[in-house]
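Spelled out, the chains give:
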Amino acid sequence: MDEVTGAQLIAESLKAQKVDYMFGIVGVPIIEVAMAAQAAGIRYVGMRNEQAACYAASAVGYITGREVSCCPPPPVSLADQGSVTEAISVLKAAKTPLVIIGKGAAYGRAETVLRELIEMSGLPFLPTPMGKGVLPDDHANCVAAARSRALLQADVILLFGARLNWMLHFGLSPRFNPNVKIIQVDLCAEEMGNNVRPAVALLGDISAVATQLLLCVRRDGWKYPSNAEWWSTLKSKIAANAKISKALALQSTVPLNYYTVFHHISQLLPHDCIIVSEGANTMDIGRTMLNNYLPRHRLDAGTFGTMGVGLGFAIAAAAVEASQNTGRRVVCVEGDSAFGFSGMEVETMCRYSLPVVVIVVNNNGIYSGVDSETWKAMKQMGELTSVAPPVSLLPDARYDEVMKAFGGRGLLVRTVEELRSALQLSLSDWERPSLINVLIDPSSDRKQQVTTTVRSTCL
């Protein structure tokens, strides 16, 4: 079999599996595979790095829900009904219950039934980063703004498609109540009991199991009381945190801080846009300040906290949106360090005229950096490899010029007025990608996190 015939067979196999996109980097014999894929009607997106190509391919599957497989889809599985009944009993006995909605719920297309379950049961919920938007972030039952307090004081947590990994502090004290009871809903048996043994394990399809729970709640006519002390505690903490964030957001001194930047970005972003984000402080603060209103409209570093995902995810999302002609914008919010992992993919955006809006929140470093005057002073102190902080990057780096070099729009901003003007201009341009390089205070940081330990009682 020659290379051309082999490539054609591969392409035909992929098409039979209903593959719409191929992301990759060509070279012999992959050139022939890519050409055969195009001839078979598959869209080929040539990337600059294999890692970014893999990220892009995974994002398409997540956004569209299409699985690349030659096997029929598995049947929808239900949880054991006895376990469902037990879970309802545990929930009813809870004083401070909490629902956590994870990425698995988004992937499982469980948004409709989960909304009905939350509203009928009256339970507070907290989304994980990529669970944002399964229910809107501005929903009355969302307690994301009191995340630390909710996790710390909940005595029962109903976990929908979320894993107790590093993003949820492994479900352990001091960030969780040491006596918390976990009701874990998951499709994967091997995930049950990782780090914390569940009080009740509900193995099955997220949407199907949520429906089982909903039917029990509806049958029993049960609802967690809206006047419970737990709701008062959560609402009080939400108000207090909002006050702190607002004070930081309304500062307009130059250089800007993270909260000011995200406050003004959030005011201008369309409600239906897809937000891609990665970085350290940029991603962490952005999760709290950039709301999502629709499911599968947020893509970030996720479970493994991997940097470099942003531009590949954004390219995938923009390609899907363009092919479906949805009119939705893709906005990629990057820390300056994170941008460096896959920054050359802006050429890919320009090559395919993908109108992604990239916002680089530039603090001259990883977590923190130094200003240009301090950098100059350090150069006089000796060899920079010996004296420069390991977290520092080149001050005031012109990432906007990288986008310009390939024909995109590059904008450098320092003030609120420049930021708002640049973002409005970029959002109005559907012909080419834009990169807004936002220079912020190198010492800007997250607001202080306060954790109070819950005392364990021995029974």
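Owing to the predicted nature of the structure, the values given are computational and were not obtained by experimental measurement.

Asks: Got a minute to help me understand the sheet that holds strand β15 (residues 434–439) in this structure?
Replies: Pairing between sheet strands relies on hydrogen bonds along the backbone, with the strands arranged either parallel or antiparallel. The strand order across the open sheet formed by 6 strands is β9-β8-β10-β11-β15-β14, and the pairing between neighbours is parallel. Strands with a single pairing partner mark the edges of an open sheet, and in this sheet they are β9 (298–300) and β14 (409–413). With strand direction ignored, the average angle separating the axes of adjacent strands in the sheet is 15°. Examined bridge by bridge, strand β8 (residues 274–278) and strand β10 (residues 330–335) share 5 bridges and lie parallel to one another. The residue of β10 that forms the bridge with glutamate 278 is glutamate 334. With respect to the sheet, helix α10 (residues 258–268) is in contact with β10, β11 (357–362) and β15, its orientation differing from that of β11 by roughly 165°. Lying over the sheet, helix α11 (residues 281–289) contacts β8, β9, β10 and β11, oriented at roughly 160° with respect to β9.

Asks: Would you mind going over the sheet that holds strand β6 (residues 181–186) with me for this structure?
Replies: Here we have 5 strands laid out as an open sheet, ordered β4-β3-β5-β6-β7, and parallel in their pairing. Edge positions in the open sheet fall to β4 (125–127) and β7 (200–203), since each of these has one partner strand only. Between one strand axis and the next, the sheet turns by 15° as a mean value, whatever way the strands run. Relative to β6, strand β5 (residues 156–160) runs parallel, the two sharing 5 bridges. Residue pairing in the sheet places phenylalanine 160 in a bridge with valine 185 of β6. Against the sheet, helix α4 (residues 81–93) makes contact with β3 (97–101), β5, β6 and β7, and its axis sits at roughly 135° relative to β7, the strand it touches most. Running over the sheet, helix α8 (residues 206–220) touches β5, β6 and β7 and is turned about 140° from β5.

Asks: Sorry if this is basic, but what is going on with the UniProt feature "domain: Thiamine pyrophosphate enzyme central" (unreviewed entry) in the protein chain here?
Replies: The residues that UniProt annotates with the feature "domain: Thiamine pyrophosphate enzyme central" (unreviewed entry) are residues 84–213. Each end of residues 84–213 is marked by a C-alpha atom, and these two atoms are 6 Å apart; helix forms 32% of the span and strand 18%.

Asks: I keep staring at the pairing of β8 and nothing clicks. Help me out?
Replies: Two faces make up the sheet, and in a regular strand the side chains alternate between them. Across the 5 residues that make up β8, a large majority, 5, are buried. Where β8 meets β9, 3 bridges bridge the pair, whose relative direction is parallel. Pairing of valine 276 across the sheet is with leucine 299, part of β9. Following the chain from β8 across α11 to the adjacent parallel β9, one finds a crossover that is right-handed.

Conventions we followed
Residues numbered from 1 in each chain as written. Predicted model: local features only at pLDDT ≥ 70, side-chain atom pairs only at ≥ 80, totals over all residues. Heavy atoms only, no water. Pairing = 2+ DSSP bridges. Helix = DSSP H or I, 4+ residues; strand = E, 2+ residues; numbered from the N terminus. Axes fitted to C-alpha atoms, helices over the stretch in contact; angles between N-to-C directions. Contact = heavy atoms within 4.5 Å. UniProt positions renumbered as here; feature names shortened; annotations may be inferred. Buried < 20%, exposed > 50% of the residue type's maximum accessible area, 1.4 Å probe, protein only. Right-handed = clockwise from strand over helix to strand, strands pointing away.

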